[in-house]
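Here is what each chain is made of, one letter per residue.
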Amino acid sequence: MFDPLADAYAAARPSYPEHVFGDIERVLGRPLAGTDVIDVGAGTGIATRLLLARGARVVAVEPGPSMLARLLDRSPGVPAVRGDGEALPLRAGIADLVCYAQAWHWVDVPVAAAQAARVLRPGGAIAVWWNDVDAAEFRWWQRQQERLERMSPGYRREYRTRPFADELRWTGHFSEVVTLTGRWQRRIGMDDYLTWLRSKSYVAAIGDRLEDFLDAERRTMLRAFPDGVVVEPFRTLLVIARTPEG
Ligand SMILES: C[S@@+](CC[C@H](N)C(=O)[O-])C[C@H]1O[C@@H](n2cnc3c(N)ncnc32)[C@H](O)[C@@H]1O
């Protein structure tokens, strides 16, 4: 579902704020430098590169061949394999950390949690996180959500309000589950903003009326941001679950 979006994805997806990695280090009780990390649903490698920059040894796992190709274009030489979080093509007990950046909502939780627990060493952790646009008080956001609910089959703005921490707890694989949130914002030019919208699976699902949707978005956003630079607020939700010490 993401593979045809690989170009838009590589061009305009937001990155992740530094505090995500600082929070992971605090819960893990060690710096990321020198840790063995599996980045699952790695996409074009946005999180993979941030983890590498912190000195982690990262293996990227991604089911989509075009996404994987973009990752390897941008980060040649990074160990990367085609694979699914529900059947990780990796040996047991090889990782300190399994990450899902903006990808955990695509997997069946009990199956993927068992796979993560299998590849983790005792005392390791799974970290799953999302950037969610945090703009409910703004008219431009309300207009966009109304338009999506009208035009994207099955789209509902509450689609990601699941009890992610409880779901991980209920699997029985983890001894400690922590939820952390943070807020940040970015400034992004109008064309890049529209490319970012195109990279979302539920926007692509609009199908034949996609250009109408994007034209309407451009008009709404130019009323809110007449200089053509969108200030986009985000809330980052991070859930970290640790396996018991050996
Ligand atoms: C929103 S993208 C996030 C990509 C990247 N982690 C990032 O932060 O930009 C979601 C990714 O999850 C991948 N994905 C979807 N289903 C998956 C599954 N069952 N196992 C692993 N990855 C999956 C998609 O191919 C896509 O690359």
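The name that an unreviewed UniProt entry assigns to the chain is Methyltransferase type 11 domain-containing protein, with the source organism given as Frankia alni.

A. Geometry of the UniProt feature "domain: Methyltransferase type" (unreviewed entry) in the chain. Per the UniProt record, "domain: Methyltransferase type" (unreviewed entry) is annotated on residues 38-127. Spanning residues 38-127, this segment combines 32% helix with 30% strand, and its end C-alpha atoms are found 10 Å apart.

B. Local environment of the sheet that holds strand 4 (residues 95-101). The strand order 3-2-1-4-5-7-6 describes an open sheet built from 7 strands, whose pairing is mixed. Edge strands, defined here as strands with exactly one partner in the open sheet, are strand 3 (80-82) and strand 6 (176-189). Averaged over all pairs of adjacent strands, the angle between strand axes in this sheet comes to 20 degrees, irrespective of strand direction. Of the pairings in the sheet, the one linking strand 4 to strand 5 (residues 120-133) comprises 6 bridges and is parallel in character. Counterpart to Ala101 in the pairing with strand 5 is Trp129. Sheet strands touched by helix 2 (residues 18-28): strand 4, strand 5, strand 6 and strand 7 (229-242). Its angle to strand 7, the strand with the most contacts, is close to 10 degrees. Its contacts with the sheet place helix 4 (residues 65-74) against strand 2 (57-62) and strand 3, and it is angled at close to 170 degrees to strand 3.

C. Expanded view of the site of the ligand. Around the ligand sit 19 residues in total, of which Tyr16, Gly41, Glu62, Gly85 and Ala101 are the nearest. Tyr16 places a side-chain nitrogen or oxygen 2.5 Å from an oxygen atom of the ligand. For the ligand, an oxygen atom lies 2.7 Å from a polar atom in the side chain of Glu62. Within the complex, the protein chains bury 95% of what would otherwise be the 590 Å² of accessible surface of the ligand. Split by residue class, the shell around the ligand holds 12 nonpolar, 4 polar and 3 charged.

D. Inspection of helix 3 (residues 46-53) at higher detail. Residues of helix 3 that are buried include every one of Ile46, Ala47, Thr48, Leu50 and Leu51, and no others. Positioned one or two residues after helix 3, Gly55 has a phi angle of 90 degrees, which is positive.

E. Local environment of unusual backbone geometry. The backbone of Gln102 sits at a positive phi, close to 60 degrees, despite the residue not being glycine. Relative to the assigned elements, Gln102 resides in the loop between strand 4 and helix 5 (109-119). In this structure Gln102 comes out as buried when scored by relative accessible area, which is 10%.

F. Molecular detail of the packing of helix 6 (residues 139-151) against helix 10 (residues 210-224). With their axes 10 Å apart at the nearest point, helix 6 and helix 10 run at an angle of 170 degrees to one another. Taken together, helix 6 and helix 10 sit at an angle that is classed as roughly antiparallel. Residues Trp140, Arg143, Gln144, Arg147, Leu148 and Met151 of helix 6 touch helix 10, and the partners they reach there are Asp212, Phe213, Ala216, Glu217, Thr220, Met221, Arg223 and Ala224. Here the contact of helix 6 with helix 10 is built from residues that sort into 7 nonpolar, 2 polar and 5 charged.

G. Expanded view of the environment of Trp140. Locating Trp140 in the fold gives a position in helix 6. Along the backbone, Trp140 and Ala60 are 80 residues apart, and their C-alpha atoms lie at a distance of 36 Å.

H. Fine view of the packing of helix 8 (residues 190-198) against helix 10. Running from amino to carboxyl end, helix 8 crosses helix 10 at an angle of 140 degrees, the nearest separation of the two axes being 11 Å. On the basis of their axis angle, the class for helix 8 and helix 10 is oblique. Considering how the two elements wind past one another, helix 8 and helix 10 form a crossing that is right-handed. Packed against helix 8, whose contacting residues are Met190, Asp191, Tyr193, Leu194, Leu197 and Arg198, the element helix 10 presents Leu210, Glu211, Phe213, Leu214, Glu217, Arg218, Met221 and Leu222 at the interface. The class makeup of the residues in the contact of helix 8 with helix 10 is 9 nonpolar, no polar and 5 charged.

About the cut-offs
- Residues numbered from 1 in each chain as written.
- Predicted model: local features only at pLDDT ≥ 70, side-chain atom pairs only at ≥ 80, totals over all residues.
- Heavy atoms only, no water.
- UniProt positions renumbered as here; feature names shortened; annotations may be inferred.
- Helix = DSSP H or I, 4+ residues; strand = E, 2+ residues; numbered from the N terminus.
- Pairing = 2+ DSSP bridges.
- Axes fitted to C-alpha atoms, helices over the stretch in contact; angles between N-to-C directions.
- Contact = heavy atoms within 4.5 Å.
- Near = heavy atom within 4 Å.
- Polar contact = N/O pair within 3.5 Å; in protein donor to acceptor, adjacent residues only side chain to side chain.
- Areas by Shrake-Rupley, 256 points an atom, 1.4 Å probe, with all protein chains shown as cover.
- Nonpolar A, V, L, I, M, F, W, Y, C, P; charged D, E, K, R; others polar.
- Buried < 20%, exposed > 50% of the residue type's maximum accessible area, 1.4 Å probe, protein only.
- Parallel < 35°, antiparallel > 145°, perpendicular 65-115°, else oblique.
- Left-handed = near helix turned anticlockwise from the far one by under 90°.

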